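Working through the structure, step by step
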Protein chains: 2
Amino acid sequence: MNDEIFSDEPTRLSETIVKLFAGQTGGTPPVVLAGESRAELTVGADAQDDCAVFRLTGDQELVVGSDYVRGPKFRLYEMGVLDEYDLGYYLVAANVSDVAAMGARPIGLLSVVRYPREMTDFVFGRVMEGIRAACADFGCPNVGGDIGGAERLILSASALGICRPGDTLLRRGACPGDVVCLTSPTGLAGAAMEYFRSRRVDDVIEAAHRDTLMASWKRPQARVREGVALAESRVVTSCQDTSDGLKATLESIAWSSGVGITVYERDLPVLPAVAAVCEHLGVNALSTVMGDSVDFELVFTVPPSQVEPLRAEFGTQGLDFCSIGLVTADQETTLHWADGSRTSLPGKAWRHAPDRPGGLRV
Amino acid sequence: MNDEIFSDEPTRLSETIVKLFAGQTGGTPPVVLAGESRAELTVGADAQDDCAVFRLTGDQELVVGSDYVRGPKFRLYEMGVLDEYDLGYYLVAANVSDVAAMGARPIGLLSVVRYPREMTDFVFGRVMEGIRAACADFGCPNVGGDIGGAERLILSASALGICRPGDTLLRRGACPGDVVCLTSPTGLAGAAMEYFRSRRVDDVIEAAHRDTLMASWKRPQARVREGVALAESRVVTSCQDTSDGLKATLESIAWSSGVGITVYERDLPVLPAVAAVCEHLGVNALSTVMGDSVDFELVFTVPPSQVEPLRAEFGTQGLDFCSIGLVTADQETTLHWADGSRTSLPGKAWRHAPDRPGGLRV
């Protein structure tokens, strides 16, 4: 009996959740209505992906996921750096990012907003306005959900998106030789957290950097246009967002695909604001870029011959990405340093134990 | 400025939510993908219904809603009457009931389960097993969601269902002359709450009644088969579940449809277990049947000529319903007592102010 055991989340995922949901994908009978209407689960909880996927009647896949965001991670709210409008905005970004990571175009968001007795109408309205603003920015209307009282502010949501059949992007599918790409440099959210928590926030970091750091939490951007472009290209072999940190994302794609990934230090972009914070605080910049920084970039893999055509297509839409590494056959995730040495990936992975990558979002 | 105002939920719905979402239905452009694939919001948050509805490519409507359930209402858990397995089961029933009330067949559930540090693996597993059991009972697989830590147990979910176009049941649409029907008698959940909270639980109520009362909270049944049968009949003019209590449901259908409803005391069923508790505690039975009892029955309206054909169709599936009243043109909701007198509906409405019926689930 495990009635005295308190496992961490990765262990609960692997010990409880994986066992409970084994065989769901492929083992769940389709729902069939009169008139040929049907829905079939093609990516279930056992797939350990950002979202579940249903194949629906007609030329369509439905992508759905949930994220709860108000928890111990919101230190910046407790510190007064973020307000309730920002939390509403963040809730939407986190949820829409999961849909974007599957290559789906968002169609709607359900928000759960429970508030404490001492929250005024004004502040409640600010939460809802933040949600609405983010929904407008990401083209994902807030179509319903639940409001009501609770002991404290509780924010959770579900996002829905659609894809053409076969376009949905999964964590599995990366092949040896594929190029590993990133929509935009990571590390801002992690650097911002370190900076604002350090209480050494006076005039050391220039104002433009501070604004950039602040924006990573106040107005995080779900990569919707990028995700849709990746899906429509039909050349992407795997994709995941970096909401658990870049290291965890790379390990998860590698584990899900049964491959390894080598990242090259020389190709890893470090933003000036991140470099400034790390220098100021004496923190290793690559650990911040790779570690538990909760950014919402997309990591994806592409066959080498398709990288430049994809970049050209991105360019026509005013989008860009960078290449940071290669998929390998050896199932190791390593960093190839500029001096020629190799190590495991630096930085701590958020939430997932090193030997259990993959955030099963059950 | 309303920075000193702390409104209740109905006021926030009418003052904040309704204004924020005005015009969403009909005013939201459809999402269109290459290859004719599209999704159009046909019932948004402004519609104040149990769920939002999207019209998708192919012969299909998608119905989605969210319910948070772990709140002050779970006194029976705090009292030890319900365990964590029961809470998991309840979470699913509450969410699937909203989909059933729209006449949709459930296709999947996203569950959010956040647990305190002191919750053991065993107890966490029990929550998940309760969710899985209910999902199996309602034919609605748990396809994903979110798990992780929090200060206390937090349970929320979203349910998805599909319908053929035009089959979706709404709160609005009841017409004067329609018969008001109910899938099964209400009041059990309310009577159970009164009974177990009274601490007068010894041998006064017979054991069979106690089991029935307990089951109303431990194994609440979402009326999935009934909802689908109502939708497929294409004769139902409005529908809603009774999760806010029968009185609130009747007022909401009347308000949404711009009609009145007269309920007849002689037709209102009172279950033996409810009658026994009310007699024991000196509580008015009709107040319990009509009031804030959180049952998951369906109230629906049907033209009089269609009642018997619908009952016959229900009979072929082993289902039944009862008729409790009539839709009127006068916009009043009244109870017609057996002695010929008329009053407003007895019992307190849960959550919604009397002049603001309609639970907008934003």
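Residues numbered from 1 in each chain as written. Chains lettered and ligands numbered in written order. Predicted model: local features only at pLDDT ≥ 70, side-chain atom pairs only at ≥ 80, totals over all residues.

Observations regarding the domain arrangement of chain A
Residue and element names in this part refer to chain A. Domain annotation of chain A identifies domain 1 (9-163) and domain 2 (179-344). Centre-to-centre separation of domain 1 and domain 2, based on C-alpha positions: 23 Å. Residue-level contacts link 23 residues of domain 1 with 22 residues of domain 2. Where the side of domain 1 that touches domain 2 is concerned, the elements lending two or more residues are helix H3 (75-78), helix H4 (84-101) and strand E5 (105-115). (Domains from an automatic or database assignment. Contact = placed C-beta atoms within 7 Å. Helix = DSSP H or I, 4+ residues; strand = E, 2+ residues; numbered from the N terminus.)

Examining the sheet that holds strand E6 (residues 142-149) of chain B
All names here are of chain B. Reading across from one edge, E1-E2-E3-E4-E7-E5-E6 is the order of the seven strands in this open sheet, with mixed pairing throughout. Where the open sheet ends on each side, the last strands, each with one partner, are strand E1 (31-32) and E6. Bridge analysis of strand E5 (residues 105-115) against E6 gives seven bridges, and the strand direction is parallel. Residue Ser111 lies in a different strand from E6, and its bridge partner there is Gly145. (Pairing = 2+ DSSP bridges.)

Considering the environment of Leu310 of chain B
All names here are of chain B. With respect to the secondary-structure elements, Leu310 resides in helix H12 (residues 304-316). Among the residues examined, Leu310 registers 20 C-beta atoms within 10 Å and is labelled buried. Expressed as a C-alpha distance, the spacing of Leu310 and Val92, which sit 218 residues apart in the sequence, is 28 Å. For Leu310, the contacting residues outside a window of four places in its chain are Ser233, Val235 and Val302. (Buried ≥ 20, exposed ≤ 12 C-beta atoms within 10 Å, placed from the backbone.)

Some words on the interface of chain A and chain B
Across the boundary between the two partners, chain A contributes 72 residues, which contact 71 residues of chain B. Looking at the side of chain A that touches chain B, the elements with two or more residues in it are helix H1 (9-21), strand E2 (38-43), strand E3 (52-56), strand E4 (60-68), E5, helix H5 (121-137), strand E6 (142-149) and strand E7 (154-163) of chain A. Split by residue class, the side of chain A that touches chain B holds 33 nonpolar, 24 polar and 15 charged. (Nonpolar A, V, L, I, M, F, W, Y, C, P; charged D, E, K, R; others polar.)

Some thoughts on the pairing of strand E4 (residues 60-68) of chain B
Residues and elements named next belong to chain B. For E4, a buried count of nine out of nine residues is recorded, marking the element as mostly surrounded by other parts of the structure. Neither face of E4 is left uncovered, since the one carrying Gln60, Leu62, Val64, Ser66 and Tyr68 and the one carrying Glu61, Val63, Gly65 and Asp67 both have all their residues buried. Looking at chain direction, strand E3 (residues 52-56) and E4 are connected through five bridges and run antiparallel. Pairing of Val53 across the sheet is with Val63, part of E4. Once E3 ends, the chain turns through three residues before running back antiparallel as E4, passing Gly58 with a positive phi of about 85 degrees. Note: E4 against strand E7 (residues 154-163), eight bridges, orientation antiparallel. The residue bridging Gly65 from the neighbouring strand is Ala159, located in E7.

Section: the relation of the copies chain A and chain B
Mapping chain A onto chain B leaves a residual RMSD of 0.0 Å; the transformation is a rotation of 180 degrees accompanied by 0.0 Å of translation along its axis. Given the turn and translation reported, the copies of this chain are related as if by a two-fold rotation axis. Relative to the rotation axis, the C-alpha of Gly58 of chain A is the closest in chain A, positioned 2.2 Å from it. An overlap of 99% is found between the interface residues of chain A and their copies at the interface of chain B, pointing to a shared contact surface. (Least-squares fit on C-alpha atoms with pLDDT ≥ 70 in both.)

Focus: the nonpolar core
Counting 229 residues, the largest nonpolar core has Val63, Val92 and Val96 of chain A together with Val63, Val92 and Val96 of chain B as the members making the most contacts within it. Split by domain, the residues of this core number at least three in each of domain 1 (9-163) and domain 2 (179-344) of chain A. Once residues within four sequence positions are removed from consideration, Val92 of chain A is found in contact with Leu109, Ile131, Ala134, Cys135, Phe138 and Ala157 of chain A. (Core = buried A, V, L, I, M, F, W, Y, C linked by C-beta atoms within 7 Å.)

A closer look at helix H9 (residues 246-257) of chain A
All names here are of chain A. Under the 1.5 Å per step criterion, the end-to-end length of H9 is 16 Å for twelve residues, consistent within 8% with the ideal 16 Å. Burial analysis of H9 places twelve of its twelve residues in the buried class, the great majority of the element. Every buried residue of H9 is listed here: Leu246, Lys247, Ala248, Thr249, Leu250, Glu251, Ser252, Ile253, Ala254, Trp255, Ser256 and Ser257. Within two residues after H9, Gly258 carries a phi angle of roughly 65 degrees, on the positive side. (Expected span 1.5 Å × (residues − 1).)

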